[in-house]
Amino acid sequence: MRRLSLFIVLCFVGLATLQAQHVEFKWHGLYGIAEYAHLSNVNRSDFDVSLNSFTAVVGWQIRKESAVGFGFGYLSDPSGAFSQMPLFIEFRSHFLRSRLTPFTAVQVGYSFPTNSSSSGSDAVTIEKGGINFALMGGVRFAVARSLALSAHVGYQLLHMNEVVRNAENMPTDRSSQLLHNIRFGFGVHF
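Values in this document were obtained by computation on a predicted structure and should not be read as measured data.

Colleague: An account of the environment of Val57 is requested, with residue identities and associated values reported.
Modeller: Note on placement: Val57 falls in strand E2 (residues 50–63). Considered as a pair, Val57 and Gly71 are 14 residues apart in the sequence and their alpha carbons are 4.1 Å apart. Apart from the residues within four sequence positions on either side, Val57 is in contact with Tyr31, Gly32, Ile33, Gly69, Phe70, Gly71, Phe88 and Glu90.

Colleague: Hey, could you go over the packing of aromatic side chains for me, with residue numbers and the actual values?
Modeller: With the rule as written, the count across this model stands at three aromatic pairs. Centre to centre, the rings of Tyr36 and Phe54 are 5.3 Å apart; their planes meet at 50°, and the pair counts as tilted. Taken together, the residues Tyr36 in strand E1 (residues 29–41) and Phe54 in strand E2 connect sequence positions 18 residues apart. Each residue in the set Tyr36, Phe54 and Phe186 is aromatic and connected to the rest through ring pairs, giving one cluster.

Colleague: Can you tell me about empty space enclosed by the protein, naming the residues and giving the values?
Modeller: Counted according to the given criterion, the structure contains two cavities of 30 Å³ or more. Considered as a void within the structure, the largest cavity measures approximately 80 Å³ in volume. Along its surface, the largest cavity is lined by Glu24, Phe25, Lys26, Trp27, Gln61, Lys64, His94, Leu96, Arg97, Ser98 and Arg140. Each residue belonging to the lining of the largest cavity can be placed in one class, and the counts come to three nonpolar, three polar and five charged. By volume, the second largest cavity is sized at about 40 Å³. Forming the boundary of the second largest cavity are Ser53, Thr55, Leu75, Pro86, Phe88, Gln107, Asn132, Gln156 and Arg183. Secondary-structure elements contributing two or more residues to the lining of the second largest cavity are E2 and strand E4 (84–94). Classifying every residue of the lining of the second largest cavity by side-chain character gives three nonpolar, five polar and one charged.

Colleague: Give me the environment of Ala105: which residues, what numbers.
Modeller: Relative to the elements of secondary structure, Ala105 occurs in strand E5 (residues 100–113). When the C-alpha positions of Ala105 and Gly154 are compared, they lie 9.2 Å apart, and in sequence the two are 49 residues distant. When near neighbours in sequence (up to four residues on either side) are disregarded, Ala105 contacts Glu90, Phe91, Arg92, Ala134, Leu135 and Met136.

Colleague: Outline the side chain of Glu35, supporting the account with residue identities and numerical values.
Modeller: On the secondary structure map, Glu35 appears in strand E1. Take Glu35: its relative accessible area is 5%, and that puts it in the buried class. Beyond its immediate chain neighbours, meaning those up to four positions away, Glu35 contacts Ser53, Phe54, Thr55, Arg92, Ser150, His152, Arg183, Phe186 and Gly187.

Colleague: Can you explain the nonpolar core? Please cite residues and give values.
Modeller: Residues Leu51, Phe82, Met160 and Leu179 are the most contacted members of the largest nonpolar core, which totals 13 residues. When residues of this core are traced back to their parent elements, those giving at least two are E1, strand E6 (124–128) and strand E8 (147–167). Broken down by element, the residue count for this core peaks at three residues, all from E8. Core analysis: the next-biggest nonpolar cluster, separate from the first, contains five residues, Tyr31, Val57, Ala67 and Phe88 among them.

Colleague: Tell me about the pairing of E5, and please be specific about residues and values.
Modeller: As paired strands, E4 and E5 are joined by 11 bridges and run antiparallel to one another. Within E5, the residue paired with Met85 across the bridge is Phe112. In textbook terms, the turn of a hairpin is the stretch between consecutive antiparallel strands, and for E4 and E5 this stretch comprises five residues.

What counts, and at which threshold
Residues numbered from 1 in each chain as written. Predicted model: local features only at pLDDT ≥ 70, side-chain atom pairs only at ≥ 80, totals over all residues. Heavy atoms only, no water. Helix = DSSP H or I, 4+ residues; strand = E, 2+ residues; numbered from the N terminus. Contact = heavy atoms within 4.5 Å. Phe/Tyr/Trp six-rings, centres within 6.5 Å; stacked < 30°, edge-to-face > 60°. 1 Å grid on protein atoms, 1.4 Å probe; cavity = no way out; pocket = protein on both sides within 12 Å on 5 of 7 lines; lining within 4 Å. Points joined across faces, edges and corners; volume = space filled by probe spheres on them. Nonpolar A, V, L, I, M, F, W, Y, C, P; charged D, E, K, R; others polar. Buried < 20%, exposed > 50% of the residue type's maximum accessible area, 1.4 Å probe, protein only. Core = buried A, V, L, I, M, F, W, Y, C linked by side-chain atoms within 4.5 Å. Pairing = 2+ DSSP bridges.

Just distances and angles here, no functional claims.
So, in structure tokens, the structure goes:
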């Protein structure tokens, strides 16, 4: 019990020390973000898709609370059928002038297929990409004035205009697919 009490006291002292050092992430000018996120499909579709997302954003911090950026990413799934590259515009807001601040981000763009497909006689291939939309909320922690770490949760919509399904190496269906995904991830801001 003493060790637990000592640990709790040390944690509070450490947090108080961190709060005493006012470090605010740069609030104006060029910024960059590199993120990893995991996406899990939640809608009922013919496909159970789980995607890994690697994203890079370059933008301009207009003022302390708002920023606009341009980003690109790579989405990959284990089968390779739904791999794609989204290009998007991002609108980002930060809400506090402190070391730890909540944020929201909206990404709107288009996702291009990578022309990869799953293997086997029942392969799936994205022929035409479509709309990409993401809405995220999270927290950013400033390590230094020009370096911060973040974690987020959110929603991402992926619409593919044409997905080809094969059965025994013959195309059987060409249709559009709409995937609703829950995403969670982390990033580095510089």
